[in-house]
Protein chains: 2
Amino acid sequence: MAKSDVKLLGFWPSSYVNRVQIALNVKSIDYEFVEERFRPKSELLLSSNPVHKKIPVFFHGDKPICESLVIVQYIDEEWTNGPSILPSDPYDRAVARFWVAYVDEKWFPSLGELRSAQGEEAKAALIEKVVEGLALLEEAFVECSKGKAYFGGDSIGYLDIAFGSFLGWLKVVEIVADVKLLDEAKIPGLAQWAVRFSSNDAVKDVLPEPEKLIEFVKIIEARIKAAAK
Amino acid sequence: MAKSDVKLLGFWPSSYVNRVQIALNVKSIDYEFVEERFRPKSELLLSSNPVHKKIPVFFHGDKPICESLVIVQYIDEEWTNGPSILPSDPYDRAVARFWVAYVDEKWFPSLGELRSAQGEEAKAALIEKVVEGLALLEEAFVECSKGKAYFGGDSIGYLDIAFGSFLGWLKVVEIVADVKLLDEAKIPGLAQWAVRFSSNDAVKDVLPEPEKLIEFVKIIEARIKAAAK
(Lines give C-alpha, C1' and ligand atoms only; values in the text may rest on other atoms or scores of the structure.)
Protein backbone atom coordinates (compact mmCIF):
# COMPACT_ATOMS: atom_id res chain seq x y z
CA MET A 1 0.00 0.00 0.00
CA ALA A 2 1.50 3.33 -1.09
CA LYS A 3 2.02 5.80 1.72
CA SER A 4 -0.28 8.35 0.07
CA ASP A 5 -3.14 5.89 0.35
CA VAL A 6 -3.08 6.08 4.14
CA LYS A 7 -3.51 9.52 5.61
CA LEU A 8 -4.30 10.84 9.08
CA LEU A 9 -5.72 14.28 9.68
CA GLY A 10 -4.81 15.27 13.22
CA PHE A 11 -2.97 17.42 15.70
CA TRP A 12 -0.21 16.27 18.07
CA PRO A 13 -1.80 17.20 21.47
CA SER A 14 -4.96 15.15 20.82
CA SER A 15 -5.08 11.83 22.67
CA TYR A 16 -7.65 10.64 20.14
CA VAL A 17 -5.26 11.34 17.28
CA ASN A 18 -2.42 9.71 19.26
CA ARG A 19 -4.49 6.51 19.47
CA VAL A 20 -4.56 6.22 15.70
CA GLN A 21 -0.83 7.01 15.42
CA ILE A 22 -0.01 4.30 17.95
CA ALA A 23 -2.26 1.75 16.22
CA LEU A 24 -0.57 2.51 12.88
CA ASN A 25 2.86 2.11 14.50
CA VAL A 26 1.88 -1.18 16.12
CA LYS A 27 0.92 -2.46 12.67
CA SER A 28 4.01 -0.86 11.02
CA ILE A 29 1.82 1.01 8.54
CA ASP A 30 3.40 3.94 6.72
CA TYR A 31 1.13 6.99 6.55
CA GLU A 32 0.98 10.65 5.76
CA PHE A 33 0.22 12.95 8.70
CA VAL A 34 -1.75 16.06 7.76
CA GLU A 35 -1.81 18.63 10.55
CA GLU A 36 -5.21 20.15 11.24
CA ARG A 37 -5.36 23.86 12.03
CA PHE A 38 -6.75 24.99 15.35
CA ARG A 39 -9.03 27.71 13.91
CA PRO A 40 -10.64 27.96 11.43
CA LYS A 41 -11.19 24.27 10.77
CA SER A 42 -9.89 23.03 7.43
CA GLU A 43 -12.07 22.29 4.43
CA LEU A 44 -10.76 18.73 4.54
CA LEU A 45 -11.98 18.29 8.13
CA LEU A 46 -15.39 19.84 7.48
CA SER A 47 -15.98 17.77 4.35
CA SER A 48 -14.68 14.47 5.72
CA ASN A 49 -16.29 14.62 9.17
CA PRO A 50 -19.40 16.78 8.64
CA VAL A 51 -21.22 15.21 11.61
CA HIS A 52 -18.72 15.95 14.39
CA LYS A 53 -16.16 18.22 12.63
CA LYS A 54 -13.50 16.66 14.86
CA ILE A 55 -10.10 15.07 14.46
CA PRO A 56 -8.90 12.41 13.98
CA VAL A 57 -10.05 11.59 10.47
CA PHE A 58 -8.36 8.60 8.90
CA PHE A 59 -8.27 8.14 5.14
CA HIS A 60 -7.75 4.76 3.54
CA GLY A 61 -7.67 5.51 -0.18
CA ASP A 62 -10.59 7.87 -0.67
CA LYS A 63 -12.60 6.54 2.27
CA PRO A 64 -12.68 8.74 5.39
CA ILE A 65 -13.23 7.10 8.78
CA CYS A 66 -13.96 9.13 11.93
CA GLU A 67 -13.94 8.51 15.69
CA SER A 68 -10.71 7.22 17.23
CA LEU A 69 -12.00 3.88 18.49
CA VAL A 70 -13.77 3.16 15.22
CA ILE A 71 -10.51 3.90 13.39
CA VAL A 72 -8.38 1.73 15.69
CA GLN A 73 -10.76 -1.21 15.22
CA TYR A 74 -10.78 -0.60 11.46
CA ILE A 75 -6.98 -0.66 11.32
CA ASP A 76 -6.94 -3.92 13.28
CA GLU A 77 -9.53 -5.54 11.03
CA GLU A 78 -8.15 -4.24 7.72
CA TRP A 79 -4.45 -5.00 8.33
CA THR A 80 -4.73 -8.51 9.70
CA ASN A 81 -1.06 -9.37 9.31
CA GLY A 82 1.10 -7.89 12.02
CA PRO A 83 0.26 -7.94 15.74
CA SER A 84 -3.42 -8.04 16.69
CA ILE A 85 -4.72 -5.03 18.57
CA LEU A 86 -7.94 -6.57 19.90
CA PRO A 87 -7.67 -9.90 21.75
CA SER A 88 -8.54 -12.94 19.64
CA ASP A 89 -10.90 -14.51 22.20
CA PRO A 90 -14.44 -13.03 22.09
CA TYR A 91 -14.72 -12.84 25.89
CA ASP A 92 -11.33 -11.15 26.26
CA ARG A 93 -12.42 -8.76 23.52
CA ALA A 94 -15.63 -7.99 25.44
CA VAL A 95 -13.63 -7.29 28.61
CA ALA A 96 -11.28 -4.95 26.71
CA ARG A 97 -14.22 -3.13 25.09
CA PHE A 98 -15.93 -2.77 28.48
CA TRP A 99 -12.90 -1.07 30.02
CA VAL A 100 -12.26 1.11 26.98
CA ALA A 101 -15.84 2.40 27.27
CA TYR A 102 -15.28 2.96 31.00
CA VAL A 103 -12.11 4.98 30.34
CA ASP A 104 -13.80 7.14 27.71
CA GLU A 105 -17.20 7.66 29.31
CA LYS A 106 -16.37 7.78 33.02
CA TRP A 107 -12.71 8.03 33.91
CA PHE A 108 -11.33 10.56 31.42
CA PRO A 109 -14.23 13.04 31.88
CA SER A 110 -13.41 13.10 35.63
CA LEU A 111 -9.74 13.73 34.84
CA GLY A 112 -10.76 16.62 32.57
CA GLU A 113 -12.94 18.13 35.30
CA LEU A 114 -10.06 17.80 37.77
CA ARG A 115 -7.71 19.69 35.44
CA SER A 116 -9.91 22.78 35.59
CA ALA A 117 -11.43 22.28 39.08
CA GLN A 118 -11.87 25.40 41.21
CA GLY A 119 -12.00 25.23 45.00
CA GLU A 120 -10.37 22.73 47.36
CA GLU A 121 -13.54 20.78 48.08
CA ALA A 122 -14.43 20.22 44.42
CA LYS A 123 -10.82 19.32 43.70
CA ALA A 124 -10.66 16.78 46.54
CA ALA A 125 -13.90 15.10 45.39
CA LEU A 126 -12.60 14.84 41.83
CA ILE A 127 -9.23 13.47 42.94
CA GLU A 128 -11.12 10.78 44.85
CA LYS A 129 -13.15 9.92 41.73
CA VAL A 130 -10.07 9.74 39.48
CA VAL A 131 -8.14 7.67 42.04
CA GLU A 132 -11.08 5.26 42.46
CA GLY A 133 -11.13 4.88 38.68
CA LEU A 134 -7.42 4.10 38.66
CA ALA A 135 -7.95 1.45 41.35
CA LEU A 136 -10.57 -0.19 39.11
CA LEU A 137 -8.18 0.00 36.16
CA GLU A 138 -5.47 -1.61 38.31
CA GLU A 139 -7.84 -4.56 38.83
CA ALA A 140 -8.56 -4.56 35.10
CA PHE A 141 -4.81 -4.64 34.43
CA VAL A 142 -4.38 -7.71 36.60
CA GLU A 143 -7.34 -9.41 34.87
CA CYS A 144 -6.41 -8.50 31.29
CA SER A 145 -2.60 -8.73 31.35
CA LYS A 146 -2.56 -12.16 33.03
CA GLY A 147 0.89 -11.39 34.43
CA LYS A 148 2.25 -10.05 31.16
CA ALA A 149 3.54 -6.57 30.27
CA TYR A 150 0.43 -4.99 28.78
CA PHE A 151 -3.35 -5.08 29.04
CA GLY A 152 -3.10 -6.81 25.66
CA GLY A 153 -0.59 -9.41 26.93
CA ASP A 154 2.91 -9.46 25.46
CA SER A 155 2.19 -6.55 23.13
CA ILE A 156 0.17 -3.37 23.11
CA GLY A 157 -3.56 -3.92 22.61
CA TYR A 158 -6.86 -2.06 22.40
CA LEU A 159 -7.11 -1.04 26.07
CA ASP A 160 -3.41 -0.12 26.20
CA ILE A 161 -3.95 2.26 23.29
CA ALA A 162 -7.24 3.71 24.54
CA PHE A 163 -6.10 4.31 28.14
CA GLY A 164 -2.41 4.90 27.41
CA SER A 165 -3.21 7.72 24.98
CA PHE A 166 -4.33 9.75 28.01
CA LEU A 167 -1.03 9.37 29.92
CA GLY A 168 0.32 12.74 28.76
CA TRP A 169 -2.77 14.53 30.04
CA LEU A 170 -2.73 12.45 33.23
CA LYS A 171 0.77 13.79 33.92
CA VAL A 172 -0.43 17.31 33.12
CA VAL A 173 -3.09 16.96 35.82
CA GLU A 174 -0.50 15.59 38.28
CA ILE A 175 1.52 18.78 37.73
CA VAL A 176 -1.33 21.30 37.54
CA ALA A 177 -3.35 19.90 40.47
CA ASP A 178 -0.19 18.98 42.39
CA VAL A 179 -1.30 15.40 43.11
CA LYS A 180 0.29 11.98 42.63
CA LEU A 181 -2.13 9.87 40.61
CA LEU A 182 0.07 7.09 39.20
CA ASP A 183 1.15 6.10 42.69
CA GLU A 184 3.34 2.98 42.61
CA ALA A 185 2.51 2.22 46.27
CA LYS A 186 -1.23 2.02 45.51
CA ILE A 187 -1.40 0.89 41.89
CA PRO A 188 1.92 -0.83 41.18
CA GLY A 189 0.70 -2.67 38.09
CA LEU A 190 -0.55 0.48 36.37
CA ALA A 191 2.41 2.61 37.46
CA GLN A 192 4.89 0.17 35.94
CA TRP A 193 2.72 -0.38 32.90
CA ALA A 194 2.66 3.40 32.27
CA VAL A 195 6.47 3.52 32.17
CA ARG A 196 6.63 0.49 29.85
CA PHE A 197 3.89 1.81 27.59
CA SER A 198 5.39 5.31 27.27
CA SER A 199 8.79 3.95 26.26
CA ASN A 200 7.44 1.38 23.79
CA ASP A 201 8.72 1.90 20.23
CA ALA A 202 5.19 2.35 18.87
CA VAL A 203 4.42 5.02 21.47
CA LYS A 204 7.48 7.00 22.52
CA ASP A 205 7.54 9.45 19.60
CA VAL A 206 3.77 9.92 19.68
CA LEU A 207 2.80 10.57 23.31
CA PRO A 208 3.36 14.28 24.06
CA GLU A 209 5.47 15.37 27.03
CA PRO A 210 3.37 16.98 29.80
CA GLU A 211 5.46 20.17 29.72
CA LYS A 212 4.72 20.58 26.01
CA LEU A 213 1.00 20.05 26.65
CA ILE A 214 0.98 22.64 29.45
CA GLU A 215 2.68 25.15 27.14
CA PHE A 216 0.09 24.33 24.45
CA VAL A 217 -2.80 24.94 26.87
CA LYS A 218 -1.32 28.33 27.82
CA ILE A 219 -1.08 29.40 24.18
CA ILE A 220 -4.66 28.33 23.48
CA GLU A 221 -6.02 30.06 26.58
CA ALA A 222 -4.16 33.26 25.67
CA ARG A 223 -5.61 33.11 22.14
CA ILE A 224 -9.15 32.59 23.44
CA LYS A 225 -8.70 35.50 25.88
CA ALA A 226 -7.38 37.76 23.10
CA ALA A 227 -10.26 36.79 20.82
CA ALA A 228 -12.81 37.58 23.55
CA LYS A 229 -11.47 41.14 24.04
CA MET B 1 -25.57 -24.95 24.51
CA ALA B 2 -28.05 -25.59 27.32
CA LYS B 3 -30.51 -22.76 27.87
CA SER B 4 -29.33 -22.27 31.46
CA ASP B 5 -25.85 -21.44 30.17
CA VAL B 6 -27.15 -18.28 28.53
CA LYS B 7 -28.87 -15.82 30.81
CA LEU B 8 -29.89 -12.19 30.52
CA LEU B 9 -30.50 -9.97 33.52
CA GLY B 10 -32.78 -7.18 32.41
CA PHE B 11 -36.08 -5.35 32.48
CA TRP B 12 -38.55 -5.04 29.57
CA PRO B 13 -38.68 -1.20 29.21
CA SER B 14 -34.90 -0.85 28.78
CA SER B 15 -33.79 -0.24 25.20
CA TYR B 16 -30.33 -1.48 26.18
CA VAL B 17 -31.79 -4.78 27.37
CA ASN B 18 -33.97 -4.96 24.24
CA ARG B 19 -30.80 -4.76 22.11
CA VAL B 20 -29.47 -7.94 23.65
CA GLN B 21 -32.84 -9.68 23.32
CA ILE B 22 -33.01 -8.79 19.63
CA ALA B 23 -29.42 -9.93 19.01
CA LEU B 24 -30.17 -13.27 20.69
CA ASN B 25 -33.32 -13.65 18.59
CA VAL B 26 -31.42 -12.82 15.36
CA LYS B 27 -29.01 -15.63 16.22
CA SER B 28 -31.82 -17.98 17.40
CA ILE B 29 -30.12 -18.45 20.77
CA ASP B 30 -32.27 -19.83 23.58
CA TYR B 31 -31.79 -17.97 26.87
CA GLU B 32 -33.16 -17.49 30.32
CA PHE B 33 -34.49 -13.99 31.08
CA VAL B 34 -34.05 -12.92 34.70
CA GLU B 35 -36.06 -9.82 35.55
CA GLU B 36 -34.17 -7.19 37.50
CA ARG B 37 -36.02 -5.35 40.26
CA PHE B 38 -36.44 -1.59 40.06
CA ARG B 39 -35.38 -0.91 43.68
CA PRO B 40 -33.41 -2.13 45.55
CA LYS B 41 -31.02 -3.51 42.96
CA SER B 42 -30.52 -7.28 43.10
CA GLU B 43 -27.45 -8.95 44.56
CA LEU B 44 -26.90 -10.55 41.15
CA LEU B 45 -26.74 -7.13 39.47
CA LEU B 46 -24.46 -5.58 42.10
CA SER B 47 -22.05 -8.51 42.03
CA SER B 48 -21.97 -8.99 38.26
CA ASN B 49 -21.76 -5.32 37.25
CA PRO B 50 -20.04 -3.63 40.23
CA VAL B 51 -18.69 -0.77 38.07
CA HIS B 52 -21.95 0.55 36.61
CA LYS B 53 -24.61 -1.42 38.56
CA LYS B 54 -26.76 -1.31 35.44
CA ILE B 55 -28.70 -3.71 33.25
CA PRO B 56 -28.27 -5.47 30.91
CA VAL B 57 -25.88 -8.08 32.23
CA PHE B 58 -25.40 -11.08 29.97
CA PHE B 59 -24.12 -14.38 31.32
CA HIS B 60 -22.46 -16.95 29.13
CA GLY B 61 -21.77 -19.84 31.46
CA ASP B 62 -20.32 -18.18 34.54
CA LYS B 63 -18.91 -15.18 32.65
CA PRO B 64 -20.82 -11.91 33.04
CA ILE B 65 -20.63 -9.32 30.25
CA CYS B 66 -21.92 -5.76 30.67
CA GLU B 67 -22.78 -2.83 28.38
CA SER B 68 -25.31 -3.46 25.63
CA LEU B 69 -23.04 -2.81 22.65
CA VAL B 70 -20.26 -4.91 24.13
CA ILE B 71 -22.76 -7.74 24.61
CA VAL B 72 -24.19 -7.48 21.09
CA GLN B 73 -20.68 -7.62 19.59
CA TYR B 74 -19.82 -10.56 21.87
CA ILE B 75 -22.90 -12.47 20.74
CA ASP B 76 -21.99 -11.83 17.10
CA GLU B 77 -18.38 -12.96 17.60
CA GLU B 78 -19.14 -15.97 19.81
CA TRP B 79 -22.03 -17.43 17.79
CA THR B 80 -20.57 -17.21 14.31
CA ASN B 81 -23.07 -19.54 12.68
CA GLY B 82 -26.39 -17.86 11.99
CA PRO B 83 -26.78 -14.40 10.44
CA SER B 84 -23.97 -11.90 11.02
CA ILE B 85 -24.89 -8.82 13.03
CA LEU B 86 -21.90 -6.67 12.09
CA PRO B 87 -21.11 -6.25 8.38
CA SER B 88 -18.32 -8.50 7.10
CA ASP B 89 -16.39 -5.73 5.32
CA PRO B 90 -14.13 -3.70 7.67
CA TYR B 91 -15.12 -0.36 6.11
CA ASP B 92 -18.85 -1.15 6.34
CA ARG B 93 -18.24 -2.21 9.94
CA ALA B 94 -16.53 1.14 10.63
CA VAL B 95 -19.47 3.03 9.13
CA ALA B 96 -21.96 1.03 11.24
CA ARG B 97 -19.88 1.63 14.41
CA PHE B 98 -19.67 5.35 13.64
CA TRP B 99 -23.44 5.70 13.40
CA VAL B 100 -24.09 3.53 16.45
CA ALA B 101 -21.82 5.85 18.46
CA TYR B 102 -23.67 8.85 17.00
CA VAL B 103 -27.05 7.40 18.03
CA ASP B 104 -25.88 6.66 21.58
CA GLU B 105 -23.82 9.75 22.28
CA LYS B 106 -25.67 12.47 20.37
CA TRP B 107 -29.08 11.56 19.08
CA PHE B 108 -30.66 9.60 21.92
CA PRO B 109 -29.58 12.08 24.64
CA SER B 110 -31.42 14.83 22.68
CA LEU B 111 -34.51 12.62 22.46
CA GLY B 112 -34.35 12.08 26.23
CA GLU B 113 -34.11 15.83 26.86
CA LEU B 114 -37.06 16.41 24.56
CA ARG B 115 -39.20 13.96 26.51
CA SER B 116 -38.90 16.03 29.67
CA ALA B 117 -38.46 19.49 28.08
CA GLN B 118 -40.21 22.40 29.78
CA GLY B 119 -41.17 25.56 27.88
CA GLU B 120 -42.07 25.99 24.22
CA GLU B 121 -38.72 27.50 23.22
CA ALA B 122 -36.60 24.72 24.74
CA LYS B 123 -38.97 22.16 23.25
CA ALA B 124 -38.74 23.66 19.77
CA ALA B 125 -34.91 23.75 19.89
CA LEU B 126 -34.79 20.11 20.95
CA ILE B 127 -37.27 19.03 18.29
CA GLU B 128 -35.03 20.71 15.72
CA LYS B 129 -31.99 18.82 17.08
CA VAL B 130 -33.77 15.45 17.07
CA VAL B 131 -35.16 16.03 13.57
CA GLU B 132 -31.72 17.07 12.26
CA GLY B 133 -30.34 13.84 13.72
CA LEU B 134 -33.04 11.83 11.98
CA ALA B 135 -32.16 13.52 8.67
CA LEU B 136 -28.54 12.41 9.15
CA LEU B 137 -29.72 8.89 9.97
CA GLU B 138 -31.86 8.92 6.81
CA GLU B 139 -28.65 9.59 4.83
CA ALA B 140 -26.91 6.83 6.80
CA PHE B 141 -29.79 4.49 5.92
CA VAL B 142 -29.35 5.18 2.22
CA GLU B 143 -25.57 4.63 2.51
CA CYS B 144 -25.69 1.49 4.67
CA SER B 145 -28.75 -0.33 3.32
CA LYS B 146 -27.68 0.03 -0.34
CA GLY B 147 -31.32 -0.22 -1.41
CA LYS B 148 -32.11 -3.18 0.83
CA ALA B 149 -34.53 -3.49 3.74
CA TYR B 150 -32.25 -2.78 6.71
CA PHE B 151 -29.16 -0.79 7.66
CA GLY B 152 -27.53 -4.24 7.72
CA GLY B 153 -28.76 -5.14 4.21
CA ASP B 154 -31.20 -8.03 3.80
CA SER B 155 -31.27 -8.76 7.52
CA ILE B 156 -31.10 -6.87 10.80
CA GLY B 157 -27.59 -5.71 11.69
CA TYR B 158 -25.68 -3.75 14.33
CA LEU B 159 -27.05 -0.29 13.54
CA ASP B 160 -30.58 -1.65 13.13
CA ILE B 161 -30.40 -3.11 16.63
CA ALA B 162 -28.73 -0.07 18.23
CA PHE B 163 -31.04 2.53 16.69
CA GLY B 164 -34.13 0.37 16.42
CA SER B 165 -34.10 -0.44 20.13
CA PHE B 166 -35.05 3.21 20.74
CA LEU B 167 -38.17 3.13 18.53
CA GLY B 168 -40.54 2.53 21.45
CA TRP B 169 -39.20 5.59 23.28
CA LEU B 170 -39.21 7.60 20.04
CA LYS B 171 -42.95 6.91 19.75
CA VAL B 172 -43.39 7.86 23.43
CA VAL B 173 -41.84 11.26 22.66
CA GLU B 174 -44.08 11.65 19.59
CA ILE B 175 -47.10 11.18 21.87
CA VAL B 176 -45.88 13.14 24.92
CA ALA B 177 -44.42 16.10 22.99
CA ASP B 178 -47.18 15.93 20.37
CA VAL B 179 -44.81 15.98 17.40
CA LYS B 180 -44.36 13.82 14.31
CA LEU B 181 -40.73 12.66 14.23
CA LEU B 182 -40.82 9.62 11.94
CA ASP B 183 -42.30 11.71 9.14
CA GLU B 184 -42.63 9.68 5.94
CA ALA B 185 -42.68 12.87 3.84
CA LYS B 186 -39.25 13.95 5.15
CA ILE B 187 -37.48 10.70 5.98
CA PRO B 188 -39.20 8.03 3.87
CA GLY B 189 -36.37 5.50 4.19
CA LEU B 190 -36.33 5.59 7.99
CA ALA B 191 -40.10 5.74 8.33
CA GLN B 192 -40.54 2.59 6.25
CA TRP B 193 -37.55 0.92 7.91
CA ALA B 194 -39.11 1.56 11.34
CA VAL B 195 -42.30 -0.29 10.33
CA ARG B 196 -40.28 -3.19 8.88
CA PHE B 197 -37.95 -3.38 11.87
CA SER B 198 -40.76 -3.30 14.45
CA SER B 199 -42.63 -6.15 12.77
CA ASN B 200 -39.55 -8.33 12.20
CA ASP B 201 -39.78 -11.72 13.92
CA ALA B 202 -36.66 -11.05 16.02
CA VAL B 203 -38.07 -7.75 17.24
CA LYS B 204 -41.87 -7.75 17.45
CA ASP B 205 -42.21 -9.45 20.84
CA VAL B 206 -39.31 -7.46 22.33
CA LEU B 207 -39.92 -3.82 21.45
CA PRO B 208 -42.36 -2.35 24.00
CA GLU B 209 -45.52 -0.55 22.87
CA PRO B 210 -45.38 3.21 23.56
CA GLU B 211 -48.60 3.10 25.59
CA LYS B 212 -47.06 0.49 27.90
CA LEU B 213 -43.92 2.63 28.29
CA ILE B 214 -45.98 5.73 29.13
CA GLU B 215 -47.87 3.76 31.77
CA PHE B 216 -44.54 2.50 33.15
CA VAL B 217 -43.16 6.07 33.41
CA LYS B 218 -46.29 7.16 35.31
CA ILE B 219 -45.88 4.35 37.83
CA ILE B 220 -42.20 5.15 38.36
CA GLU B 221 -42.86 8.87 38.75
CA ALA B 222 -45.61 8.21 41.27
CA ARG B 223 -43.28 5.92 43.25
CA ILE B 224 -40.51 8.52 43.27
CA LYS B 225 -43.00 11.19 44.39
CA ALA B 226 -44.30 8.94 47.18
CA ALA B 227 -40.76 8.13 48.34
CA ALA B 228 -39.86 11.83 48.46
CA LYS B 229 -42.81 12.65 50.76
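Residues numbered from 1 in each chain as written. Chains lettered and ligands numbered in written order. Predicted model: local features only at pLDDT ≥ 70, side-chain atom pairs only at ≥ 80, totals over all residues. Heavy atoms only, no water.

Basically, it comes down to this: UniProt positions are given in the numbering used here, feature names are shortened, and annotations may be inferred rather than shown by experiment.
Naming follows an unreviewed UniProt entry, where chain A appears as Glutathione S-transferase of Escallonia rubra. Under Function (unreviewed entry), UniProt gives the following word-for-word description of chain A: "Is involved in the conjugation of reduced glutathione to a wide number of exogenous and endogenous hydrophobic electrophiles."

Focus on the sheet that holds strand 4 (residues 63–66) of chain B
Residues and elements named next belong to chain B. For clarity, the threshold we go by: Should DSSP find at least two bridges between two strands, the strands are regarded as paired. The way it works is that DSSP assigns letters per residue, a run of H or I at least four long becomes a helix, a run of E at least two long becomes a strand, and they are numbered from the N terminus. Here, axes are lines fitted to C-alpha atoms. For helices the fit covers the stretch in contact, and angles between N-to-C directions go from 0 to 180 degrees. In this description, contact between two residues means that some pair of their heavy atoms is separated by no more than 4.5 Å.
Reading across from one edge, 2-1-3-4 is the order of the four strands in this open sheet, with mixed pairing throughout. The open sheet terminates on both sides in strands that have one partner only, identified here as strand 2 (32–35) and strand 4. Taken over all neighbouring pairs, the strand axes of this sheet differ in orientation by 20° on average, direction set aside. For strand 1 (residues 6–10) and strand 2, the ladder comprises four bridges, and the chain directions are parallel. Residue pairing for strand 2: leucine 8 is matched across the bridge by phenylalanine 33. Against the sheet, helix 1 (residues 15–26) engages strand 1, strand 2 and strand 3 (57–60), with an angle of about 155° to strand 1.

With respect to helix 4 (residues 90–115) of chain B
In an α-helix, one turn spans 3.6 residues; hence positions three or four apart end up facing the same way. All names here are of chain B. Formally: Helix span, expected: 1.5 Å multiplied by one less than the number of residues in the helix. In this scheme, the bend at a residue equals the angle between the axes fitted to the seven residues that finish there and the seven that begin there. In protein, a polar contact requires one atom able to donate a hydrogen and another able to accept it; more generally it is a pair of N or O atoms within 3.5 Å, and residues adjacent in sequence count only if both atoms are side-chain atoms.
Its 26 residues give helix 4 an end-to-end C-alpha distance of 36 Å, which sits within 8% of 38 Å, the value for a rise of 1.5 Å per residue. A maximum bend of about 40° is found in helix 4 at valine 103. For helix 4, the capping residue at the N-terminal end is aspartate 89, with a side-chain oxygen 3.0 Å from the backbone nitrogen of tyrosine 91.

Here's the deal with the environment of tryptophan 107 of chain B
Residues and elements named next belong to chain B. Turning to its location among the elements, tryptophan 107 is positioned in helix 4. Separated by 37 residues in sequence, tryptophan 107 and cysteine 144 place their C-alpha atoms 18 Å apart. Non-local contacts of tryptophan 107, meaning those with residues more than four positions away in its chain, are made with Tyr102, Val130, Gly133, Leu134, Leu137, Phe163, Phe166 and Leu170. A distance of 3.3 Å separates a polar side-chain atom of tryptophan 107 from the backbone oxygen of valine 130.

What to know about helix 3 (residues 68–78) of chain B
To keep it simple, the criterion reads: Remark: exposure states derive from per-residue accessible area (1.4 Å probe, protein chains only) relative to the maximum for the residue type, with buried under 20%, exposed over 50%, and partly exposed in between.
With eight of eleven residues buried, helix 3 of chain B lies mostly within the body of the structure. Considered for burial, the residues of helix 3 of chain B that qualify are Ser68, Val70, Ile71, Val72, Gln73, Tyr74, Ile75 and Asp76 of chain B.

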